[in-house]
Amino acid sequence: MKTAVAYYSLGGTTRSYARAEAKARNADLIELMPKTPYNRFTAFVRGCLEAVKQKAVALDGMPLFVGYDRVVLMAPVWAGYPAPVFNSAVELLPPGTEVEVILVSGSGNSEKSRAKVRLQIKKRGCTLTAQRDIRASR
């Protein structure tokens, strides 16, 4: 089974977890970058609202998930929801893909968005195989 670990990281925390995840799974590592980068201010002011509304943002480059049986999507949690770049990646998933979601946050809790994320993956025609949180050490 060919696996990709696709991630977005603002400050580097999710990146370090994604690298470890890809290495442990012998998977390809794909970094997702928004066309208009966030900084700590815009992530708080604009990004949190976009995350809560499950909005997608334009990506810099177009990651292709074709040829992968499983995609592990990793992102930070903003205002209880995955960062908007996560939503962009979900929109690119080919139907039939097995998807695992790993969200990284200081609280280690994305319960507020869990059902919406499951529905989002299902609407793409993909199978959600696992959904878990990582509590990031600060």
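See the structure above.
It should be emphasised that the depicted structure is a prediction, and the values quoted were computed from it without experimental measurement. (Residues numbered from 1 in each chain as written. Predicted model: local features only at pLDDT ≥ 70, side-chain atom pairs only at ≥ 80, totals over all residues. Heavy atoms only, no water.)

Student: Please give an account of the packing of helix 3 (residues 84-91) against helix 4 (residues 114-123) that cites residues and values.
Tutor: In the contact formed by helix 3 and helix 4, the axes pass within 9 Å of each other and the chain directions differ by 25°. It follows that helix 3 is roughly parallel to helix 4 by the angle criterion. Handedness of the crossing formed by helix 3 with helix 4: right-handed. Contacts from Phe86, Asn87 and Val90 in helix 3 reach Val117, Gln120 and Ile121 in helix 4. In the contact of helix 3 with helix 4, the residues fall into 4 nonpolar, 2 polar and no charged. (Axes fitted to C-alpha atoms, helices over the stretch in contact; angles between N-to-C directions. Helix = DSSP H or I, 4+ residues; strand = E, 2+ residues; numbered from the N terminus. Parallel < 35°, antiparallel > 145°, perpendicular 65-115°, else oblique. Left-handed = near helix turned anticlockwise from the far one by under 90°. Contact = heavy atoms within 4.5 Å. Nonpolar A, V, L, I, M, F, W, Y, C, P; charged D, E, K, R; others polar.)

Student: With reference to specific residues and values, describe the side chain of glutamine 131.
Tutor: Its location among the elements puts glutamine 131 in strand 6 (residues 127-135). A relative accessible area of 15% means that glutamine 131 is categorised as buried. If near-sequence neighbours (up to four positions away) are discounted, glutamine 131 is found in contact with Val101, Arg114, Val117 and Arg118. (Buried < 20%, exposed > 50% of the residue type's maximum accessible area, 1.4 Å probe, protein only.)

Student: Hey, could you go over the pattern of salt bridges for me, with residue numbers and the actual values?
Tutor: For the structure on display, the rule yields 10 salt bridges. Between glutamate 50 and arginine 46 there is a salt bridge, with its nearest N and O atoms 3.7 Å apart. With a gap of 4 residues between them, glutamate 50 and arginine 46 both fall in helix 2 (residues 40-52), about one helical turn apart. When its relative accessible area of 29% is taken as the criterion, arginine 46 is described as partly exposed. Arginine 132 is the partner of glutamate 100 in a salt bridge, and the nearest nitrogen-oxygen pair spans 3.8 Å. With glutamate 100 in strand 5 (residues 98-105) and arginine 132 in strand 6, this residue pair connects regions lying 32 residues apart in the sequence. In this structure glutamate 100 comes out as buried when scored by relative accessible area, which is 8%. Take arginine 132: its relative accessible area is 34%, and that puts it in the partly exposed class. (Salt bridge = Lys/Arg side-chain N within 4 Å of Asp/Glu carboxyl O.)

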